[in-house]
Amino acid sequence: GVYRYLNNPDCWTGYLALYGLALMSQSWDLFFVALLSQGTSFIFLQFVEMPHMNKMYCHQIRKETEIEAMVQSIVRTHLKMAIENPELRELTHKMAQRVRRLRERIRKEVGPNKNHLCPF
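Rules used throughout
- Residues numbered from 1 in each chain as written.
- Predicted model: local features only at pLDDT ≥ 70, side-chain atom pairs only at ≥ 80, totals over all residues.
- Heavy atoms only, no water.
- Helix = DSSP H or I, 4+ residues; strand = E, 2+ residues; numbered from the N terminus.
- Buried < 20%, exposed > 50% of the residue type's maximum accessible area, 1.4 Å probe, protein only.
- Contact = heavy atoms within 4.5 Å.
- Areas by Shrake-Rupley, 256 points an atom, 1.4 Å probe, with all protein chains shown as cover.
- Salt bridge = Lys/Arg side-chain N within 4 Å of Asp/Glu carboxyl O.
- 1 Å grid on protein atoms, 1.4 Å probe; cavity = no way out; pocket = protein on both sides within 12 Å on 5 of 7 lines; lining within 4 Å.
- Points joined across faces, edges and corners; volume = space filled by probe spheres on them.
- Nonpolar A, V, L, I, M, F, W, Y, C, P; charged D, E, K, R; others polar.
- Polar contact = N/O pair within 3.5 Å; in protein donor to acceptor, adjacent residues only side chain to side chain.
- Phe/Tyr/Trp six-rings, centres within 6.5 Å; stacked < 30°, edge-to-face > 60°.

*Asks:* Would you mind going over the overall build of the protein chain with me for this structure?
*Replies:* In terms of regular secondary structure, the protein chain is built from five helices and zero strands. Tracing the protein chain from N to C terminus, the helices and strands come up as α-α-α-α-α. Along the first, second and third principal axes, the C-alpha set of the protein chain runs to 65 × 40 × 35 Å. Counting every position in the protein chain, which comprises 120 residues, the buried fraction comes to 12%. Look at the contacts in the protein chain between residues 6 or more apart in sequence, and 43% of them connect residues 24 or more apart. Approximately 10400 Å² of the protein chain is accessible, and the part contributed by carbon and sulfur atoms is 63%.

Encoded structure:
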């Protein structure tokens, strides 16, 4: 079944109906209710259910499923490629230069007597 692929499928897929209703009704309130419900479910899982399961089954619970391992592998691979990308590195360098110039401009505009107003 689905437990072969996900440890807690209800935490992942159990709230899709609420998200679908939020989309169909175009309601931000319902979206935040769905988000809050799913978040509290994850919190309960992390702080109540997992410690109890570890205590009962002496750490015989699998740490990650096949899908989680696959997703983590894909994310690591793409993150590594993004970090090593020279174009991204150049873009990051240009953005850092712009931020430095903007900080200097703000310091000049604020003036020396008002340094306490400038957090930079």
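Further notes follow.
*Asks:* How should I be thinking about the pattern of salt bridges in this particular structure?
*Replies:* Per the counting criterion, the structure on display carries two salt bridges. Glu90 is paired through a salt bridge with Lys94; the nearest N and O atoms lie 3.2 Å apart. Remark: Lys94 and Glu90 occur in helix H5 (residues 86-110); sequence separation between them is four residues, near one turn of the helix. You can call Lys94 partly exposed: its relative accessible area is 42%. Of the charged contacts, one joins Arg107 and Glu104 as a salt bridge, the two residues approaching to 2.8 Å between their closest N and O atoms.

*Asks:* Looking at this model, I keep getting lost on the layout of surface pockets. Mind explaining?
*Replies:* Think of a ball as big as a water molecule: rolled over the atoms, this probe shows where empty space is left. Estimates place the volume of the largest pocket at around 280 Å³. Surrounding the largest pocket, Asn7, Asn8, Trp12, Phe42, Leu45, Gln46, Met50, Asn54, Ile61, Arg62, Lys63 and Glu68 form its lining. It is helix H3 (residues 28-57) that contributes the most residues to the lining of the largest pocket, five residues altogether. Within the lining of the largest pocket, the residues separate by chemical class into five nonpolar, four polar and three charged.

*Asks:* Can you walk me through the environment of Pro9 in this structure?
*Replies:* Assignment of secondary structure puts Pro9 in helix H1 (residues 9-13). Note on Pro9: relative accessible area 7%, which makes it buried. With 96 residues separating them along the chain, Pro9 and Arg105 place their C-alpha atoms 52 Å apart. Dropping the residues within four chain positions of it, Pro9 is found in contact with Val2, Tyr3 and Gly14.

*Asks:* Would you mind going over the side chain of Gln38 with me for this structure?
*Replies:* Structurally, Gln38 can be placed in helix H3. At 2.8 Å, the side chain of Gln38 forms a polar contact with the backbone oxygen of Cys11. Excluding residues that lie within four positions of it along the chain, Gln38 makes contacts with Cys11, Trp12, Tyr15 and Tyr19.

*Asks:* Sorry, what's going on with the packing of aromatic side chains here?
*Replies:* Inspection of the entire model under this criterion finds five aromatic pairs. Through a chain of ring-to-ring contacts, three or more aromatic side chains come together here, namely Tyr19, Trp28, Phe31 and Phe32.

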